[in-house]
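# What the coordinates show
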Amino acid sequence: MTARTLVSVPKEARRGEVIAIKALISHDMETGFRYDNTGKPIPRDIITQFVCLYNGIEVFRAELHPAISANPFIAFYTVATESGKIEFKWNGDNGFSAAESVTIAIA
Amino acid sequence: MTAEHYDRRATRRGFLIGAAQLAGGVGLVLALPVNDGRATPDTLQAAIRKITSEAPLQKGKVKLELPAMVENGNAVSIEVAVESPMTAADHVKAIHILNEKNPLPNVLSVQLGPRAGKATVATRIRLATTQQIMAVAEMSDGSFWFDTADIFVALAACQEDPG
Amino acid sequence: MSRLFRHVILSAVLCGASAASADEIPPAERKSGYEQMGREIRAMQDDDSANPAMLWVLDGEALWSLKAGAAGKSCADCHGDAQASMKGVAARYPAYSPALARPVDLEQRINMCRTDQQQATPLPAESKELLVLSAFLARQSRGVPVEITDDRLRPFVERGGELFTRRQGQINLSCAQCHDDRWGQRLAGSLIPQGHANGYPLYRLEWQTLGSLQRRLRNCLTGMRAELYPAGAPEYVDLQLYLKSRARGLAIEAPAVRP
């Protein structure tokens, strides 16, 4: 199965309102500091980047390190400026990439 | 004040005392060596210098919230809130979460701006052991502010055999 | 942390424990492990947009409508809208299977549907597919009180109860010594819960993933230095059934979050 994402953004907001955004994605976030049963190091495999775009403009960016928990959760805020699309993009080791988008209506 | 001045209380001694208080009479069995050979106050300092480029780091404006004690270090809820009007002229440009005793000092770095409206970020982090966590905020005027918090990571009693 | 090390802690905590266990926890004192967790982990469970187990539920929802097997049928083809048809089901599982003349747990029931109705291969225990389906099903019972009433289950509940109170393993310990007699106390840094089965499958921070109650029971047996029952052994289902019966009245929290 591909990565499952779960984002929470209000469907509607007032212009200028500060809205809460929560983004969750399935990923093991293998740290690169663990060993398997035979003593072989397990290579690092993590999400390294998360970006949020509001109608194409980047409003939030995060750089993730191995200390971010499995199934990374990031919550932040943004100002509801106009109706349109809010996009989320995750990128990581071994070519990992995932994307999700939602619409928001401004009253 | 420089980064060297922040209070680093989560020493091994602190850990053992905490463990003993927590586990009562059996606390002493916890006094086996905790391998913090990879513990990294020095690499933490290096990571801070990389963020601040030797600019002064001041205590304040940043509020780091995390539980004082957790039963499991695999997913610790953490929130960093920075005091700022978040206007074009005066806003938070970046927030960094750092730790002193995981294998690597950096945990999360976020870039934001006036469009955030509110300079608050929350996530869940892994903590290898009891330690101090630090959050650093970079402001639009080039100043750096920080907060620290100590967290006690308890030992899990019934872990699954790996694999 | 070494195994020997934990062994020492366990022994220290339990030495001097009385030979016989106290009785079952009185109904008024029964409480979900949720109530013993810290504020942050409770918040993680309460908020569907922060609960990592919801990632499994969403995958399960997709799988529910996916046709599978030689019969080319999906779960939805027979059961329709899970929100209606599956509500309360997890609260009364394990349930009696007349075909097998014994109880089956939710995961086994899903696999019976796979083989008999869909004519597909059964899903391996703890596989992602089985976990997402059981998480999705259990989610439909959230808030429904646990209730085991089928009379045919009685002998199996009793057998599960015997297993629960039987001392076993290298440190000669029973489940009841921790979960009936010492709930609320600490085992190393961990609070001992009453051990109710009202949140499974659940996201355990220790696992960093979602897992079944059978997996949790195997963890307990390992912690007790007891021999594991063979994979798929009826003992696991009997124990689950006893735990469910013991948790009667508590609301299903699945998919829960636990440390």
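Source: prediction; values computed, not measured.

### Points about the overall build of chain C
Per the secondary structure count, chain C includes 11 helices and 7 strands. Taken over C-alpha atoms, the radius of gyration comes to 18 Å for chain C, in line with the 18 Å a tight globule of 259 residues would show. Along the longest, intermediate and shortest principal axes, the C-alpha atoms of chain C span 60 × 40 × 35 Å. Among the 259 residues that make up chain C, the fraction classed as buried is 45%. Of the contacts formed within chain C by residues at least 6 apart in sequence, a portion of 74% connects residues at least 24 apart.

### Comments concerning the interface of chain A and chain C
Taken together, the contacts link 10 residues of chain A with 10 residues of chain C. Its residues assigned to classes, the side of chain A that touches chain C shows 5 nonpolar, 3 polar and 2 charged.

### A closer look at the interface of chain B and chain A
At the interface, 26 residues of chain B touch 22 residues of chain A. Of all the secondary-structure elements, those providing two or more residues to the side of chain B that touches chain A are strand 6 (106–111) and strand 7 (120–125) of chain B. Here the residues of the side of chain B that touches chain A sort into 12 nonpolar, 10 polar and 4 charged. Where strand 5 (residues 57–64) of chain A meets strand 6 of chain B, 4 bridges bridge the pair, whose relative direction is antiparallel. Bridging from a neighbouring strand, Ala62(A) pairs with Val110(B) of strand 6 of chain B.

### Observations concerning the domain arrangement of chain C
Residue and element names in this part refer to chain C. Segmentation of chain C into domains returns domain 1 (3–12 + 22–47 + 146–258) and domain 2 (54–139). A straight line from the C-alpha centre of domain 1 to that of domain 2 covers 23 Å. Each side of the interface is counted separately: domain 1 has 24 residues, and domain 2 has 20 residues. Looking at the side of domain 1 that touches domain 2, the elements with two or more residues in it are strand 6 (209–211), helix 10 (213–223) and helix 11 (234–246). Among the elements that line the side of domain 1 that touches domain 2, the one with the most residues is helix 11, at 5 residues. Here the side of domain 1 that touches domain 2 is composed, by residue class, of 14 nonpolar, 5 polar and 5 charged.

### Overview of helix 3 (residues 54–64) of chain C
Within helix 3 of chain C, the full set of buried residues consists of Met54(C), Leu55(C), Trp56(C), Val57(C), Asp59(C), Gly60(C) and Leu63(C). Packed against the buried residues of helix 3 of chain C are strand 1 (5–8) and strand 3 (18–25) of chain A together with helix 7 (128–139) and strand 6 of chain C.

### Some remarks on the nonpolar core
In terms of nonpolar packing, the biggest core is built from 131 residues, with Ile95(B), Ile97(B), Ala135(B), Val136(B), Ala137(B), Ala53(C) and Ala135(C) touching the most fellow members. With 8 residues, the top contributor of residues to this core is helix 7 of chain C. Each of domain 1 (3–12 + 22–47 + 146–258) and domain 2 (54–139) of chain C accounts for three or more of the residues forming this core. The contacts of Ile97(B), once residues within four sequence positions are left out, are Ile78(B), Val80(B), Val107(B), Leu108(B), Ile125(B), Ile133(B) and Ala135(B).

### Some details on the confidence of the model for chain B
Per-residue pLDDT for chain B averages 79, and the proportion of residues at 70 or more is 71%. Here residues 1–39 of chain B scores under 50 on pLDDT; set against residues more than four positions off or in separate chains, the count is 56 contacts.

### Things to note about the packing of helix 3 of chain C against helix 7 of chain C
Residue and element names in this part refer to chain C. Closest axis-to-axis distance for the helix 3/helix 7 pair is 7 Å, and the angle between their directions is 95°. For the element pair helix 3 / helix 7, the angle class is roughly perpendicular. In this structure, helix 3 uses Trp56, Val57, Asp59, Gly60, Glu61, Leu63 and Trp64 to contact helix 7, whose residues at the interface are Glu129, Leu131, Val132, Leu133, Ala135, Phe136 and Arg139. Of the residues belonging to the contact of helix 3 with helix 7, the class tally is 9 nonpolar, 1 polar and 4 charged.

### Looking at the pairing of strand 4 (residues 47–54) of chain A
Residue and element names in this part refer to chain A. Alignment of strand 4 against strand 7 (residues 84–92), held across 7 bridges, turns out to be antiparallel. Within strand 7, the residue paired with Val51 across the bridge is Lys89. Pairing of strand 4 with strand 5, which is carried by 6 bridges, proceeds in the antiparallel orientation. For Gln49, the partnering residue across the bridge sits in strand 5 and is Glu63.

### Overview of the packing of helix 6 (residues 106–117) of chain C against helix 7 of chain C
Residue and element names in this part refer to chain C. Running from amino to carboxyl end, helix 6 crosses helix 7 at an angle of 110°, the nearest separation of the two axes being 10 Å. Taken as axis vectors, helix 6 and helix 7 run roughly perpendicular relative to one another. The two elements helix 6 and helix 7 meet at a crossing, and its hand is right-handed. Packed against helix 6, whose contacting residues are Leu106, Glu107 and Ile110, the element helix 7 presents Leu130, Leu133, Ser134, Leu137 and Ala138 at the interface.

Scoring rules and cut-offs
- Residues numbered from 1 in each chain as written.
- Chains lettered and ligands numbered in written order.
- Predicted model: local features only at pLDDT ≥ 70, side-chain atom pairs only at ≥ 80, totals over all residues.
- Helix = DSSP H or I, 4+ residues; strand = E, 2+ residues; numbered from the N terminus.
- Rg over C-alpha atoms; globule rule 2.2 N^0.38 Å.
- Buried ≥ 20, exposed ≤ 12 C-beta atoms within 10 Å, placed from the backbone.
- Contact = placed C-beta atoms within 7 Å.
- Nonpolar A, V, L, I, M, F, W, Y, C, P; charged D, E, K, R; others polar.
- Pairing = 2+ DSSP bridges.
- Domains from an automatic or database assignment.
- Core = buried A, V, L, I, M, F, W, Y, C linked by C-beta atoms within 7 Å.
- pLDDT = per-residue confidence, 0-100.
- Axes fitted to C-alpha atoms, helices over the stretch in contact; angles between N-to-C directions.
- Parallel < 35°, antiparallel > 145°, perpendicular 65-115°, else oblique.
- Left-handed = near helix turned anticlockwise from the far one by under 90°.

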